[in-house]
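Letter by letter, the chains look like this.
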Amino acid sequence: LLSGVNTQELSGAEAVIKSFTSGVIAGDILTFVCILFFALSTILCWYYYGSFCCESLFGLRAKKIFIALFISACSIGLFFSSEALISASDLLLFLMTLITLVTLFKNSKRISELTAGFIKQKGSVSLRIEQKLKIKREKVVKTQENANS
């Protein structure tokens, strides 16, 4: 919008590249690097998150199967168009959401226990801090009273 480039016929990354190229020095390289880092971080996060959920739900054997399928999918993805990959990633995000919900329900008791323990611990820490502040306030008041007398 700000670059003045007509991007109506272009899609996603193409529109960004054309806009940056017209308005920023080395905009095409900057855009490429940003998209590259975004893609790599997405792959790493999906790998870690998916393998953790698989292991949590189905055990270590399922995690190894997931890793093999994930690496295969990444390799096969090189041969598809960006539109097909975006559709596939939308489907996979939906499936990850379902896996997350199942994992939450399966581990809800454990999550409740851990949360209660955290709140109890945090409460005791904040209580100690509050007590220290009260002692400091009392010292300040005594110092002021001594100064006034």
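Since we're looking at a predicted model, the values are computed, not measured.

Trainee: Would you mind showing me how to read the pattern of salt bridges here?
Mentor: Pairs may arise between side chains of opposite charge once their charged atoms sit close together. Counted according to the given criterion, the structure contains one salt bridge. For the salt bridge of K63 with E55, the shortest nitrogen-to-oxygen distance reads 3.3 Å. In this structure K63 comes out as partly exposed when scored by relative accessible area, which is 23%. Of the residues examined, E55 reaches a relative accessible area of 34% and is grouped as partly exposed.

Trainee: Would you mind going over the layout of surface pockets with me for this structure?
Mentor: Where empty space is left can be seen by rolling a probe of water-molecule size over the atoms. Roughly 1500 Å³ of volume is contained in the largest pocket. Around the largest pocket, the lining comprises 36 residues; the ones closest to its centre are T42, I43, W46, L85 and S89. At the level of secondary structure, the elements contributing two or more residues to the lining of the largest pocket comprise α1 (12–23), α2 (27–58), α3 (60–76) and α4 (82–106). Ranked by the residues each element gives to the lining of the largest pocket, the list is headed by α4, at twelve residues. Across the lining of the largest pocket, the residue classes tally to 27 nonpolar, seven polar and two charged. If you add up the space inside the second largest pocket, you get close to 220 Å³.

Trainee: For this particular structure, what's the right way to read the packing of aromatic side chains?
Mentor: To describe a pair of aromatic rings, you give the distance between the ring centres and the angle between the ring planes. Counted by the stated rule, this structure contains three aromatic pairs. Judged by centre distance (6.3 Å) and plane angle (20 degrees), the rings of Y48 and F52 are stacked. Residue Y48 and its partner F52 are located together in helix α2, separated by four residues, close to a single helical turn. Among the residues examined, Y48 registers a relative accessible area of 57% and is labelled exposed. Exposure remark for F52: the relative accessible area of 48% places this residue in the partly exposed category. The structure contains a cluster of three or more aromatic residues connected by ring pairs, namely Y47, F66 and F70.

Procedures and definitions
Residue indices follow the written sequence of each chain, beginning from 1 at its first position. In view of the model being predicted, local features appear only for residues whose pLDDT reaches at least 70, and side-chain atom pairs are presented and counted only at 80 or more, with totals across whole chains, interfaces and linings using the full set of residues. The basis for the side-chain values is all heavy atoms of the structure; hydrogens and waters are excluded. Whenever Lys or Arg places a side-chain nitrogen within 4 Å of a carboxyl oxygen from Asp or Glu, that contact is recorded as a salt bridge. Whether a residue is buried, partly exposed or exposed follows from its accessible area with a 1.4 Å probe, protein chains only, as a fraction of its type maximum: under 20%, in between, or over 50%, in that order. Residues are said to line a cavity or pocket when one of their atoms sits within 4 Å of a point; the points come from a 1 Å grid over protein atoms alone, cavities being sets where a 1.4 Å probe fits but cannot get out and pockets being open sets with protein on both sides within 12 Å along at least five of seven lines. Grid points are joined across faces, edges and corners, and a volume is the space filled by probe spheres set on the points. A helix here means a DSSP run of H or I that spans at least four residues, while a strand means a run of E at least two residues long, and both kinds are numbered starting from the N terminus. The nonpolar class holds Ala, Val, Leu, Ile, Met, Phe, Trp, Tyr, Cys and Pro. Asp, Glu, Lys and Arg form the charged class, and all remaining residues, Gly among them, are polar. Whether two aromatic rings pair depends on their centres lying within 6.5 Å, for rings of Phe, Tyr and Trp, where Trp uses its six-membered ring; planes under 30 degrees apart make the pair stacked, over 60 edge-to-face, and the rest tilted.

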